[in-house]
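Single-letter residue listing:
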Amino acid sequence: MSQDETAKIAEQVSLLMQLDRTRHHVGTELDMAALANVPAYIASVFEQANAVGSDLSPADLYEQVNKRISQLQAQVYLMRVEMENRFERDPARIYEDPLAISAYGERLETITTSPKSFSFEPAILAHGWYPAEINENGAAHRWMRPGDVSLACVPHLGTVDQSLEIEGYALEPEQLEELKIRAGETVAEIETGTTSPQHFTARLTLSGAALKSANYLPVEFTMSDFRQPNSQDTRMLGVNVSRFVCRPASPEAQGAA
């Protein structure tokens, strides 16, 4: 027996001895207590995203709650359509039901060909922002807070070429000089308003191939100039973002919408 063969055998024996010494000391069972915290953590993320930073009238509050419940009802409806028409041995049979075709066909057509517009509502998963505020028109907006980066995850149109427009403003035009917005390797073009230079529109041009990995597009905001709005409001504010608009890049797709 050669020295190399002897060394391999010794390595395996050493490994087995280590496993034997630890088999009564290192647990292999799932930590259900830790796993139970996962739903609570996810719920806390949505809870923070759904927070409203301003006073609402009962009518405004009902409108916000009703909108969110309606979105959930639509999602549950589509899941039920799929589950009730799924055949485990032949998944393609789901398309034999006209209702399933109608529900999913309309959904896919709407997703890929129609512009999709959001205020900074709970549909936008975010980190690095102050709580959402509601303006007089019922639209949500949020301020950047100091930090290395502020993140907004935006639902996109799917694996089609598209553009994302982001609208917002700063307290002072000079703050926009250091503002950078990017999604992955794509850097946004930022245009300021001619009559109101503190307002801006950022545009990201995105390929469908770059969007195939997830249903949300992570958009990073960075800036270094944060300012206090007044003596009563002691927050240090970056830019305020109020709207995200996804548009299909193809003119034919826009015409079909």
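Residues numbered from 1 in each chain as written. Predicted model: local features only at pLDDT ≥ 70, side-chain atom pairs only at ≥ 80, totals over all residues. Heavy atoms only, no water.

**Some details on a negative patch on the surface**
For the record, the criterion: A patch is a set of surface residues, each over 30% in relative accessible area and not in a salt bridge, joined within 9 Å for like charges and within 5 Å for the nonpolar side chains Val, Leu, Ile, Met, Phe, Trp and Tyr. Accessible surface is estimated by sampling points in the Shrake-Rupley manner with a 1.4 Å probe; for residues, cover comes only from the protein chains shown. The rule for a salt bridge is simple: a side-chain nitrogen of Lys or Arg has to be within 4 Å of a carboxyl oxygen of Asp or Glu. A positive count includes Lys and Arg, and a negative count includes Asp and Glu. His and the chain ends are not counted in either. Every charge is mapped onto a representative atom, which is NZ of Lys, CZ of Arg, CG of Asp or CD of Glu. Helix and strand assignments come from DSSP, with helices taken as H or I runs of at least 4 residues and strands as E runs of at least 2, each series counted from the N terminus.
Side chains of E172, E174, E177 and E178 sit close together on the surface and give a patch of like negative charge. Mapping E177 onto the fold places it in the loop between β6 (162–169) and β7 (180–183).

**A look at the packing of aromatic side chains**
To be explicit about the condition: Pairs were defined over the aromatic rings of Phe, Tyr and Trp, the Trp ring being its six-membered one, requiring ring centres within 6.5 Å. Orientation was assigned from the angle between planes: stacked under 30 degrees, edge-to-face over 60, tilted for the rest. The rule is simple: take the accessible area with a 1.4 Å probe, protein chains only, and divide by the maximum for that residue type; under 20% is buried, over 50% is exposed, in between is partly exposed. Put simply, a charge is over a ring when the Lys NZ or the Arg CZ is close to the ring centre, within 6 Å, and near the line of the ring normal, within 35 degrees.
For the coordinates displayed, the defined rule picks out four aromatic pairs. Relative to W129, the ring of F120 has its centre 4.9 Å away and its plane inclined at 65 degrees; by these criteria the two rings are edge-to-face. In terms of burial, F120 and W129 fall into one category: buried. Of the aromatic side chains, those joined through ring pairs into one cluster are F120, W129, F221 and F244. The ring of F120 has R142 lying over it, and the distance from NZ or CZ to the ring centre is 5.4 Å. Positioned above the aromatic ring of Y130 is the side chain of R235, whose terminal nitrogen or guanidinium carbon lies 5.1 Å from the ring centre.

**Here we look at the nonpolar core**
Convention followed: The term nonpolar core refers to a set of buried residues drawn from Ala, Val, Leu, Ile, Met, Phe, Trp, Tyr and Cys, joined through side-chain atoms within 4.5 Å. In this analysis, two residues are considered to be in contact whenever any of their non-hydrogen atoms come within 4.5 Å of each other.
L164, I166, F221 and F244 are the most contacted members of the largest nonpolar core, which totals 31 residues. Put simply, the parts of the chain that give this core at least two residues each are β5 (150–155), β6, β7, β10 (199–206), β11 (216–222) and β12 (240–248). When sequence neighbours within four positions are dropped, the list of residues in contact with F244 reads K116, S117, F118, S119, F120, I124, A152, V154, L164, E165, I166 and F221.

**Here we look at the sheet that holds strand β8 (residues 186–187)**
Going by this rule: Two strands qualify as a pair provided DSSP detects at least 2 bridges between them.
With antiparallel pairing, the five strands of this open sheet are ordered in space as β2-β5-β11-β7-β8. Among the strands making up the open sheet, the edge pair consists of β2 (125–127) and β8.

**What to know about the layout of surface pockets**
Which entries qualify depends on this criterion: Put simply, the grid is 1 Å and covers the protein atoms alone, a cavity is a trapped set of points that fit a 1.4 Å probe, a pocket is an open set with protein on both sides within 12 Å along at least five of seven lines, and lining residues have an atom within 4 Å of a point. Grid points are joined across faces, edges and corners, and a volume is the space filled by probe spheres set on the points. Throughout this entry, Asp, Glu, Lys and Arg are counted as charged residues, while Ala, Val, Leu, Ile, Met, Phe, Trp, Tyr, Cys and Pro are counted as nonpolar. The remaining residues, Gly among them, count as polar.
The calculated volume of the second largest pocket comes to roughly 370 Å³. Ranked by residues supplied to the lining of the second largest pocket, first place goes to helix α3 (residues 58–84) with seven residues. Here the residues of the lining of the second largest pocket sort into eleven nonpolar, six polar and four charged.

**A short note on the side chain of Q175**
Basically, it comes down to this: Counted as a polar contact is a pair of N or O atoms within 3.5 Å, where, for protein atoms, one must be capable of donating a hydrogen and the other of accepting one, and residues adjacent in sequence contribute only when both atoms are in side chains.
With respect to the helices, strands and loops of the structure, Q175 is situated in the loop between β6 and β7. With relative accessibility at 0%, the residue Q175 sits in the buried group. Engagement of the side chain of Q175 in a polar contact is seen with the backbone nitrogen of E172, the distance being 3.0 Å. Among all residues touching Q175, those that are not within four sequence positions of it are A170, M223, D225, F226, R227, L237 and G238.

**Observations regarding a nonpolar patch on the surface**
A cluster of nonpolar side chains, contributed by V38, Y41, I42, V45 and F46, occupies part of the molecular surface with about 440 Å² of accessible area. Within the element layout of this structure, F46 appears in helix α2 (residues 32–49). On the basis of relative accessible area, F46 is assigned to the partly exposed category, the value being 33%.

**Section: the pattern of salt bridges**
For the structure shown, the criterion picks out eight salt bridges. With its nearest N and O atoms 3.5 Å apart, the salt bridge here joins E165 to R203. Taken as a pair, E165 in strand β6 and R203 in strand β10 lie far apart in primary sequence, 38 residues in all. Look at R203 and you get partly exposed, because its relative accessible area is 32%. One continuous salt-bridge network, built from bridges that share partners, spans E165, E191, R203 and R247.

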